[in-house]
Amino acid sequence: MPLASAAADAVPAAGLEFAGDAAARSPASLSAILNSPLTDALAWIAIGAFMFAALLQWFGNVDSARILAGAAWLVFGVFWLTMVPYYFADAQSPIKTLLALAALPLSAYTAYLLYGGRTSLLLLSKAVAFMGLIYLPAETIPVVRTWLIETTAAQTHYGMELLGHSPGLIEGANGYQSKFAFDPSETVTGRTTYIVLSCTGIGSMAIFGGLIASVTAPLKRKVSAFAVAIGVIWILNLGRNIFIGLASPWGWFQQEPLVSLLTTYMGAEPDRVSFLVSHNYIAQSLSIVALLGITYIVVKLVPEVLAPLEDVLYILTGTEYDLFEALDVEDRRPAYAPSALEQ
């Protein structure tokens, strides 16, 4: 289901972490999960099936589209389940772990609703297809991935310089010029971070790009909404990267109560506490708030995206909501998205 699965990626990591020149968390385990043939295959199969289902609907074969989209949701849920070990053991992110765990049952429920005849979910399925088409090329095409990571790293470093810190950039464990070269002997924790793909904000961009692309609306409004969403995400993302990139080496959250809590109950290493607090708790929580704010802006510009959002709310709560009526934009309801009472 998109809210769990897409949000899991849209709450980005603001860099993996180094202890001096050695990785605090082995990048090999991250690579083994994110780049495994199984994980890649599940992602591409799900997105391909979503897109093919959209084509079947386009040609009027709605029943076949529902069946194929339902199968795609099941594959999509399994894909996110394979991410749980990394989010729990390596990233030590409670938010991402819970979202990834929730993705499978919610995806299975979405498939059940599709098989049961809820055709409005085909629009939500098409939105997820577009999300994947935006995100997967960035994940799998080296030149795109390199540009995103190194551009984000350079701009984050510039932001640090504006705040009086100029560590320089060197090659990180991922092979990109994305590691902030703080001298471990001069910092509080002896640690630093480096930028990875999820630090670029591409996950959040894919969410809103997919929602906007999936609905029928005048091109001018869709382009405006996309430009505003991408711009806001990029700026907020840089601010988060700067915050975590400085909090980790300089130990902004190394206070004893926090150190005791995370080491005793979360199994954290003591000098990792500032990174974990700034990244896994403060930044990720604020990212969810930011997503809600950006959603409000996008809805104001393209109210048509309320149609898939109504289905998201139904999947999460089991209650029908008529967002078009609630926001007094009934005239913007797509013809293929009946009101809640007409489902």
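The coordinates are above.
Going along each chain's sequence as written, the residues are numbered from 1 onward. Local features in a predicted model are, by the rule used here, given only for residues with pLDDT of at least 70; side-chain atom pairs are given and counted only at 80 or more, and totals for whole chains, interfaces and linings are based on all residues. Only hydrogens and water are removed before side-chain values are computed, so all heavy atoms of the structure are retained for them.

1. Quick notes on the packing of helix α8 (residues 142–162) against helix α10 (residues 219–250)
1) Next: Between N-to-C directions, angles cover 0 to 180 degrees, with each direction set by a line fitted to C-alpha atoms, over the stretch in contact for helices. Strands here are runs of E lasting at least two residues and helices are runs of H or I lasting at least four, both read from the DSSP assignment and numbered beginning at the N terminus. Packing of α8 against α10 leaves a shortest axis separation of 9 Å and a crossing angle of 65°. Judged on the interaxial angle alone, α10 and α8 are roughly perpendicular. In this structure, α8 meets α10 at a crossing whose hand is right-handed. In contact with L148, T151, T152, Q155, T156, G159 and M160 of α8, α10 contributes W234, N237, L238, N241, I242, G245 and L246.
2) Next: Polar here means any residue other than Ala, Val, Leu, Ile, Met, Phe, Trp, Tyr, Cys and Pro, which are nonpolar, and Asp, Glu, Lys and Arg, which are charged; Gly is therefore polar. Class assignment for the residues of the contact of α8 with α10 results in 6 nonpolar, 8 polar and no charged. Reported orientations rely on four angle classes, namely roughly parallel under 35 degrees, roughly antiparallel over 145, roughly perpendicular from 65 to 115, and oblique for the rest. The hand of a helix crossing depends on one turn: near helix anticlockwise from the far one by less than a right angle means left-handed, and clockwise means right-handed. What makes two residues a contact is simply this: any of their non-hydrogen atoms within 4.5 Å.

2. A short note on the environment of Y194
1) Next: When you line up the elements, Y194 lands in strand β5 (residues 191–194).
2) Next: The spacing of Y194 and N174 is 20 residues in sequence and 8.6 Å in space, taken between C-alpha atoms.

3. A look at the side chain of S278
1) Next: Here S278 lies in helix α12 (residues 273–301).
2) Next: A distance of 3.1 Å separates a polar side-chain atom of S278 from the backbone oxygen of F275.
3) Next: In this view, S278 contacts F243, I244, A247, F253 and A283; residues no more than four positions away in its chain are not counted. N or O atoms closer than or at 3.5 Å make up a polar contact, with two conditions inside protein: a donor-capable atom paired with an acceptor-capable one, and, for residues adjacent in sequence, both atoms drawn from side chains.

4. A closer look at helix α9 (residues 202–214)
1) Next: What a helix is expected to span follows from its residue count: subtract one and scale by 1.5 Å. For α9, which comprises 13 residues, the first-to-last C-alpha distance of 18 Å matches the rise-based estimate of 18 Å (1.5 Å per residue) to within 8%.
2) Next: The buried fraction of α9 amounts to 12 of the 13 residues, a majority that puts the element mostly inside the structure.
3) Next: Within α9, burial applies to I202, G203, S204, M205, A206, I207, F208, G209, G210, L211, I212 and S214. Throughout, exposure labels follow a simple rule: accessible area from a 1.4 Å probe, protein chains only, divided by the maximum for the residue type, with under 20% read as buried, over 50% as exposed, and the rest as partly exposed.

5. A closer look at the packing of helix α6 (residues 94–115) against helix α7 (residues 121–140)
1) Next: As a packed pair, α6 and α7 sit with axes 10 Å apart at the nearest point and diverge in direction by 135°. One way to sum up the angle between α6 and α7 is to call them oblique. Here T110, L113 and L114 of α6 come into contact with α7, specifically with L121, L122 and S125.

6. Comments concerning the environment of V298
1) Next: Its location among the elements puts V298 in helix α12.
2) Next: Along the sequence, V298 and L211 sit 87 residues apart, while their C-alpha atoms lie 9.4 Å from each other.
3) Next: Residues contacting V298, with those up to four places away along its chain left out, are F208, I212, A225, A229 and V305.

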